[in-house]
Amino acid sequence: DYKNITINTPALLIDKSVLLDNIKIMSSYTQKNRINLRPHAKSHKISEIAKIQIKYGAIGICVATLYEAEVMSKNNIQGILITTPITNLNSEKRLSKLIKFSKNLMLIIDSSYGLNFLEKIAIKNKIKVNVLVDCDIMGIGTKKIRRTGAKNIKEIIRLASLTNNNKYLNYIGITAYAGDIQHINNYNKRKIETNIRHNYLNKIINKLKEENLSPEIISGGGTGSYDIDTNRELFTELQ
């Protein structure tokens, strides 16, 4: 009886049975299709939900901010991928601490500045930082929406090469997320738009392989395109 419950607003209300059903469905889907799952926690921001997702097969968790990563790490969540480049000088101490104590933490870069920022932290703290190069696959879309990510293949290859040749950084792959296509309601239109991004991503992957920079991890996908992303067989994991 909701009338007798006092809840401060805003509040997140969850139907636990629906939540578990959705988690189990995605777990079953990814296992069947032999693709890893690293779901994004930026919506729920709750470590207990992240633990349930990992219990049902997720290999880790994606987060959007340093604070979210800190919360997840504090609650013993492993395999955290921060999907936003961290380059704020004020975040250096916090990020250093997180890298030291968060097992298998991964960070992204999309610029030389970001690379140098992580290198500085690695040298100062005598640690090696796991790095993925963020690829902008949104800017080539119909609406030309840009967020983070290196803007062309030449820049992606340059950053991957610099990372791979840096003894303080551990190059392990790329990220390629197209947030705009997740909100295209018509499935056929969504699929057409997604295929445009996949064709570009395929060129990126092939060029990396030509340069002996084959990515171990190719992270991307989304709730609205997970099946299209899986069927193209480019990603190693879904976000």
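Residues numbered from 1 in each chain as written. Predicted model: local features only at pLDDT ≥ 70, side-chain atom pairs only at ≥ 80, totals over all residues. Heavy atoms only, no water.

### A look at the environment of Leu-20
Here Leu-20 shows up in helix H1 (residues 16-32). As for Leu-20 and Asn-186, which are separated by 166 residues in sequence, their C-alpha atoms are 27 Å apart. The contacts of Leu-20, once residues within four sequence positions are left out, are Ile-52 and Tyr-56. (Helix = DSSP H or I, 4+ residues; strand = E, 2+ residues; numbered from the N terminus. Contact = heavy atoms within 4.5 Å.)

### Describing the pattern of salt bridges
In total, this model carries 13 salt bridges according to the counting rule given. Between Glu-237 and Arg-38 there is a salt bridge; the shortest N-O distance is 2.8 Å. You can see Glu-237 sitting in strand E8 (residues 237-238) and its partner Arg-38 sitting in the loop between strand E1 (36-37) and helix H2 (47-55), a full 199 residues away along the chain. The salt bridge partner of Glu-68 is Lys-45, with a shortest N-O separation of 2.4 Å. You can see Glu-68 sitting in helix H3 (residues 66-74) and its partner Lys-45 sitting in the loop between E1 and H2, a full 23 residues away along the chain. According to the relative accessible area criterion, Glu-68 is buried, its value standing at 7%. One network of salt bridges, in which partners are shared, links Glu-92, Lys-120 and Lys-124. (Salt bridge = Lys/Arg side-chain N within 4 Å of Asp/Glu carboxyl O. Buried < 20%, exposed > 50% of the residue type's maximum accessible area, 1.4 Å probe, protein only.)

### With respect to the pairing of strand E6 (residues 169-176)
In terms of burial, E6 is a largely internal element, 7 of the 8 residues being buried. Note: strand E5 (residues 129-134) against E6, 6 bridges, orientation parallel. Within E6, the position partnered with Leu-132 by the bridge is Gly-173. Handedness of the crossover joining E5 and E6 through helix H6 (residues 153-164): right-handed. In this structure, E6 lies alongside strand E7 (residues 217-220), joined through 4 bridges in parallel fashion. Bridge pairing in E7 places Ile-174 opposite Ile-218. Crossover connection from E6 via helix H7 (residues 187-210) to parallel E7: handedness right-handed. (Pairing = 2+ DSSP bridges. Right-handed = clockwise from strand over helix to strand, strands pointing away.)

### Quick notes on the pairing of E7
Residues Ile-217 and Ser-219 point to one face of E7 and Ile-218 and Gly-220 to the other, with burial holding for every one of them. Looking at chain direction, E7 and E8 are connected through 2 bridges and run parallel. Residue pairing in the sheet places Ser-219 in a bridge with Glu-237 of E8. Taken together, E7, helix H8 (residues 226-232) and E8 constitute a β-α-β crossover, and its handedness is right-handed.

Read these as layout, nothing more, since geometry by itself doesn't imply function.
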